[in-house]
Structure formats: structure tokens, C-alpha cells
Amino acid sequence: MATSGAATGSSSPPEGEVPKIVWNERQGRFETEDKKAYLGYVLRQDGKVMDIVHTFVPSSKRGMGLASHLCVAAFNHAESHSLSVIPSCSYVSARDLRVEA
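Computed from a prediction, not measured in an experiment: that's the story for all the values here.

Trainee: Can you walk me through the environment of S82 in this structure?
Mentor: Looking at where S82 falls in the secondary structure, it is placed in the loop between α1 (66-80) and β6 (84-86). For the pair S82 and K48, spaced 34 residues apart in sequence, the C-alpha separation works out to 7.6 Å.

Quick look at the structure:
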């Protein structure tokens, strides 16, 4: 598994610190180290396209920017592996529209 972000010993990173995001290739997702928040994807077109289908952050961890960090990890992974991205997940679609505007 690949990781992104800083390792922490607690369930949530100190303010201003990037949470550790883990690539769980077997389950097709990027997740926080504690596995409670995640972004799920499906590879399509013979593994050339990453379709981001779902993001989930439990209510206890909302407002910390975790969904955004998960998206950044997924987009960085897609870019480094020359994958196109389909943002099927409504959070990712809305986030992309804000970035492009």
C-alpha cells in the first residue's frame, strides 16, 4: 500500500497537519489510516480510467477536510499513473467544478 500525508498516533491529525491517506488497492479505495473515511473508485477501460464513485467521512470526522485530502490523494495517484478520472461521486464532481471556476 502507498501512503500520502504525515503519520500520526491519534485518530485525527493535529490542526494544520495533513492526515495520512493510504491507498488500498485491493479494495479500490483511498482511506484514512484508521479506515473510517474513504474514497472508493472503480477502474474502467482496461484500467486506464479511474471512476471515483463514492466518498465517505463519518460525522465524527466531518469538517476536518478529510474528503478533500482523499480527493487530492486519488487525483495525484491518477496523474502519476497516467489515468483519466471520471468524477461520478457528487462530492468530487462539485469539488472539481469549484476548482475550475
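On we go.
Trainee: So what exactly am I meant to see when it comes to the environment of P19 here?
Mentor: Locating P19 in the fold gives a position in the loop between β1 (3-4) and β2 (21-24). Residues P19 and T32 lie 13 residues apart in sequence; the distance between their C-alpha atoms is 7.1 Å.

Trainee: In this structure, what is going on with the pairing of β2? I would like to understand it.
Mentor: It is a general feature of regular strands that their side chains alternate between the two faces of the sheet. Residues I21 and W23 line one face of β2 and the alternating positions V22 and N24 line the opposite face, and both faces are buried. Pairing of β2 with strand β3 (residues 29-32) involves 4 bridges; the strand directions are antiparallel. Following the sheet pairing, W23 is matched in β3 by F30. Between β2 and β3, which follow one another and run antiparallel, lie 4 residues, and G28 among them has a positive phi close to 65 degrees.

Trainee: What exactly am I supposed to notice about the packing of aromatic side chains here?
Mentor: To describe a pair of aromatic rings, you give the distance between the ring centres and the angle between the ring planes. Under the definition given, this model contains 3 aromatic pairs. Consider the rings of W23 and F30, whose centres lie 6.4 Å apart with planes at 20 degrees: the pair is stacked. Looking at F30, the relative accessible area reads 3%, which means it is buried. Measuring from centroid to centroid gives 5.7 Å for Y38 and F56, while their planes differ by 35 degrees, and the two rings are tilted. You can see Y38 sitting in strand β4 (residues 38-44) and its partner F56 sitting in strand β5 (residues 49-56), a full 18 residues away along the chain. Among the aromatic residues, those joined into a ring-pair cluster are W23, F30 and Y41.

What counts and what doesn't
- Residues numbered from 1 in each chain as written.
- Predicted model: local features only at pLDDT ≥ 70, side-chain atom pairs only at ≥ 80, totals over all residues.
- Heavy atoms only, no water.
- Helix = DSSP H or I, 4+ residues; strand = E, 2+ residues; numbered from the N terminus.
- Buried < 20%, exposed > 50% of the residue type's maximum accessible area, 1.4 Å probe, protein only.
- Pairing = 2+ DSSP bridges.
- Phe/Tyr/Trp six-rings, centres within 6.5 Å; stacked < 30°, edge-to-face > 60°.

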